[in-house]
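Residue-level structural notes
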Amino acid sequence: MNKGVPNQGLRGILDIVATYKKEHSLDLSCEVFDLRVKDEIPGIEYDIYISSGGPGSPYDGEGQAWENSFFALLDQIEDYNKTHPDKKYIFLICHSFQMACRKYGLGMVTRRKSTAFGIFPVTLTQEGENDIIYAGLTNPFYAIDSRDWQVVDAEDETFNETGAEILALEKERPYIDLERCIMSIRFSKEFVGTQFHPEADPDGMRLYLLEEEKKKSIIAAHGEDKYLDMLDSIDNPDRILLTQKSILPNFLTEAIQALKEA
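Residues numbered from 1 in each chain as written. Predicted model: local features only at pLDDT ≥ 70, side-chain atom pairs only at ≥ 80, totals over all residues. Heavy atoms only, no water.

Now for the side chain of Gln98. For Gln98, the location among the structural elements is in helix α4 (residues 95-104). Residue classification places Gln98 among the buried positions, given a relative accessible area of 3%. At 3.5 Å, the side chain of Gln98 forms a polar contact with the backbone oxygen of Trp149. (Helix = DSSP H or I, 4+ residues; strand = E, 2+ residues; numbered from the N terminus. Buried < 20%, exposed > 50% of the residue type's maximum accessible area, 1.4 Å probe, protein only. Polar contact = N/O pair within 3.5 Å; in protein donor to acceptor, adjacent residues only side chain to side chain.)

If you want it as structure tokens, here you go:
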């Protein structure tokens, strides 16, 4: 979903998969598909799918071939899982998460009043505290947030009808009269997504923050104190490093264990 824009997200995902493969001595292979630029889309033959974040509006793909391809893949995986014991699992990050919320009618996907960027606390719901992908994390935990859009207005009726569960919410801001946005949803047993970036790692974030243009833009938008706080947070082992070592690896463990048992 990168739309050809260089970022640290894809590298982070590939690094997590490579590390997991080595640590667990698995015969695990990984392929990358460029959907938004080349309209490349994987087939149904894969066991696990990870769909990345990306720039722009989650409505950019309306009426375009690549969005149709993406939504058709989600439908294919759902249909497959209804009729096969060996389920297929998918993890949706940021842009992909927002698009899935649009597709399934979960909440409203709206533009934020201002860009959210930084290392922020994320609050787990009761369902999130009991979900395997958040095992080992504190509540709240810390994650990289980078977005101009959000998912809000969660109606219990819609979630009850679909069986989806909200796993995490934006930090509480009692001094601001705005609804807390949804930060994570388990759409089904096999589909899960996050608004934040669980693939982000300290080294990649540090490189990003130290780029002169990025530094200037962050300070201009959020102030020098916020910029320095982000640099300090990078070195805290209980913040994004713990998140990076927990969520996607937990998801891989869940999926691979289910495949072994099928």
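Alright, that's what it looks like, and here's the rest.
Judged by pairing direction, the sheet is mixed, and its seven strands sit side by side in the order β1-β2-β7-β6-β5-β3-β4 without closing on themselves. Taken across any chain shown, the strands that pair with only one partner, and hence form the sheet edges, are β1 (48-51) and β4 (141-152). When the angles between neighbouring strand axes are averaged without regard to direction, this sheet yields 25 degrees. Of the pairings in the sheet, the one linking strand β3 (residues 108-124) to β4 comprises eleven bridges and is antiparallel in character. Bridge pairing in β4 places Met108 opposite Val152. (Pairing = 2+ DSSP bridges. Axes fitted to C-alpha atoms, helices over the stretch in contact; angles between N-to-C directions.)

Let's shift gears to the packing of helix α3 (residues 65-83) against α4. Two elements in contact, α3 and α4, have axes separated by 11 Å at closest approach and are oriented at 70 degrees. Relative to α4, α3 is oriented roughly perpendicular. Contacts between α3 and α4 involve Trp66, Glu67, Phe70, Phe71, Leu74, Asp75 and Glu78 from the former and His95, Ser96, Met99, Arg102, Lys103 and Tyr104 from the latter. Its residues assigned to classes, the contact of α3 with α4 shows six nonpolar, two polar and five charged. (Parallel < 35°, antiparallel > 145°, perpendicular 65-115°, else oblique. Contact = heavy atoms within 4.5 Å. Nonpolar A, V, L, I, M, F, W, Y, C, P; charged D, E, K, R; others polar.)

Look at the link from Asn139 to Pro140: it is a cis peptide, with omega at 5 degrees. Residue placement: Pro140 occurs in the loop between α5 (126-129) and β4. Positive phi values are uncommon outside glycine, yet Ser25 reaches one of about 50 degrees. Secondary-structure assignment places Ser25 in the loop between α1 (9-23) and α2 (35-38). Overall, Ser25 belongs to the exposed group, its relative accessible area being 65%. Even without glycine at this site, Cys94 takes up a positive phi of about 50 degrees. Residue Cys94 is classed as buried on the basis of its relative accessible area, which comes to 5%.

Turning to the nonpolar core, a few remarks are in order. Judged by nonpolar contacts, the single largest core of 27 residues is most densely connected at Phe91, Ile133, Tyr134, Phe141, Phe196, Ile247 and Phe251. Of all elements in the fold, only α1, β2 (89-93), β3, β4, β5 (165-170) and α10 (240-261) reach the threshold of two or more residues within this core. When residues in this core are grouped by element, the largest group, six residues, is from α10. Ignoring anything within four residues of it in the chain, the contact list for Phe91 reads Tyr49, Ile50, Ser51, Ile133, Val192, Thr194, Pro198, Ile247, Leu248 and Phe251. Among the nonpolar cores identified, the runner-up in size contains 26 residues, and Tyr49, Leu74, Leu106 and Phe191 belong to it. (Core = buried A, V, L, I, M, F, W, Y, C linked by side-chain atoms within 4.5 Å.)

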